[in-house]
Amino acid sequence: MTELRGDGAIAQEYRWALPSVLLGDGRAGGRVRRSTRDWIVDILMFLFACGLTFLSLMDLQAQRQPEALLFVEQVAGALACAGVWLRRRWPVGFAVVTSLLSSYLDLVGGASVVALFTVAVHRPFKISGPITLLGLVTLAPYVALRPQTDEDRAWALALGLAFVLTVFAWGIVVRARRQLVWSLRQRADSAAEEAKRLERERIAREMHDVLAHRISMLSLHAGALEFRPDAPPGEIAKAAGAIRTNAHLALQDLREVIGVLRHSSSDGGGGEAGEGAVPDRPQPTLADLPALIEECRHAGLDVRLDLRADGAPEGLGRNLYRIVQEALTNARKHAPGAPVAVTVEGAPGEGLSVRVRNPLMARQGAVRHGARLPGAGAGLIGLTERAELAGGRLEHGPTPEGEFAVRAWLPWPAETKREGDG
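## Here's the deal with the overall build of the protein chain
Within the protein chain one finds 12 helices and 5 strands. Scored against the burial criterion, the 422 residues of the protein chain give a buried share of 38%. Sequence separation of at least 24 residues holds for 70% of the intrachain contacts in the protein chain that already meet a minimum separation of 6.

Encoded structure:
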């Protein structure tokens, strides 16, 4: 089977073996150019038609046909063989003309066979079927008008029927295989485009989840400096240090994502990562969740953690970590100063669930760091997509208790080994 690349491009070493219709030629009304394979097939078809014509000519000469009829046969046979080179441009017309001429003329038979095969390959059954029927009908005058015995007529009719039907069936098989290759190529193109789209969404989601948290922390600490320009030098130095630390971590996170992209690109090319590629840092897991909560507390967020799960697989723990991280970022943006409660529970076979909730409005006087941070809602959309891709679900919105809650559930297979198990 011909190799089809993910981007829809066909490997160069196989292009010569494909017809032009499978190489994309002739699209948008452009001129169809013969491929290398087309030239080879056309030459073979021309030689095949000439060979049948030559054999028929020898048979006619042995039958001592009249000179005038022999001359007409030779002219018609030569023109029909030359017309084989036009079979791709006018397949139906060429097939009709040669079929009608072959109803009496012997030397047109070779070109008529090639024309029938061409129509069967390049045209649907609603066209190739009637052409084949015409070829079968023309066998009647050919057998009836020839001076021969009844037995010879029967053999000629049977042989003609078998030959026409065999050529037609062969053309149908070639057409079906060509359509199969074309459909596989279309599927490969669609799958490649879908994979690119999903990869772009994954990268955008990862960039948002990783950087939004750090940037929001930077904004909060910078807001504290702006809100209290007369703060003691110790507090200013502490806030500046926090800004520097989070900026450094944001750069590290960005380098990590770029490193993943480089690594993926190098894997796709089949080689090793290029010189200077950024090594991947350990991805966060469920065990890193307390550190995230403590970091948010140092930034001034009133957050409580109720963790009743342990040993989740790395992929599952990373997804839950990102969900909590983005939920806390949204809480800082939209309800600054409000208390946040994070509840995580789960077990193998039951799934892992998380609930992050905070009051819809911050407590009066609790806002410390100035204006609210802007948000476009892309984070919650990304969290929903992340949960669904992991086989889980995520819901968010206000509750009857006057809180905003983010609730997520992720599957945790019962047979999954715990982290640290041997």
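## Thoughts on the pattern of salt bridges
Enumeration over the complete set of coordinates arrives at 9 salt bridges. The salt bridge involving E194 is made with R197; its shortest N-O contact spans 2.4 Å. On the criterion of helical spacing, the pair formed by E194 and R197 is a turn pair, its members being 3 residues apart in helix α8 (residues 150-227). Since its relative accessible area comes to 32%, R197 is described here as partly exposed. For the salt bridge of E395 with R407, the shortest nitrogen-to-oxygen distance reads 3.7 Å. Within this pair, whereas E395 is found in strand β4 (residues 393-398), its partner R407 is found in strand β5 (residues 403-410), the two being separated by 12 residues in sequence. Taken together, the salt bridges that share partners define one network made up of D38, D42, R87 and R88.

## So, the layout of surface pockets
Taking a probe equal in size to a water molecule and rolling it over the atoms shows the remaining empty space. Of the volumes computed, that of the largest pocket is approximately 910 Å³. As for the largest pocket, its lining consists of 29 residues, of which S56, D106, G109, Y142 and G160 are closest to the centre. When residues of the lining of the largest pocket are traced back to their parent elements, those giving at least two are α2 (36-62), α5 (109-122), α6 (125-137), α7 (139-145) and α8. Here the lining of the largest pocket takes 6 residues from α8, the largest share from any one element.

## A few points about a nonpolar patch on the surface
On the surface, a nonpolar cluster with roughly 370 Å² of combined accessible area is contributed by I40, I43, L44 and L47. Mapped onto the elements of the fold, L47 is located in helix α2.

## Remarks on α6
The end-to-end C-alpha distance of α6, which contains 13 residues, comes to 17 Å, matching closely the 18 Å that a straight helix rising 1.5 Å per residue would cover. Looking only at α6, the buried set comprises S128, G129, I131, T132 and G135. Relative to the axis of α6, the buried residues are bounded by an arc of 165 degrees and lie together on one face. For α6, exposure combined with an orientation more than 90 degrees from the buried face picks out K126 and L133.

About the criteria used
- Residues numbered from 1 in each chain as written.
- Predicted model: local features only at pLDDT ≥ 70, side-chain atom pairs only at ≥ 80, totals over all residues.
- Heavy atoms only, no water.
- Helix = DSSP H or I, 4+ residues; strand = E, 2+ residues; numbered from the N terminus.
- Buried < 20%, exposed > 50% of the residue type's maximum accessible area, 1.4 Å probe, protein only.
- Contact = heavy atoms within 4.5 Å.
- Salt bridge = Lys/Arg side-chain N within 4 Å of Asp/Glu carboxyl O.
- 1 Å grid on protein atoms, 1.4 Å probe; cavity = no way out; pocket = protein on both sides within 12 Å on 5 of 7 lines; lining within 4 Å.
- Points joined across faces, edges and corners; volume = space filled by probe spheres on them.
- Patch = residues over 30% accessible without salt bridge, like charges linked within 9 Å, V, L, I, M, F, W, Y side chains within 5 Å.
- Areas by Shrake-Rupley, 256 points an atom, 1.4 Å probe, with all protein chains shown as cover.
- Expected span 1.5 Å × (residues − 1).
- Arc of directions from axis to C-beta.

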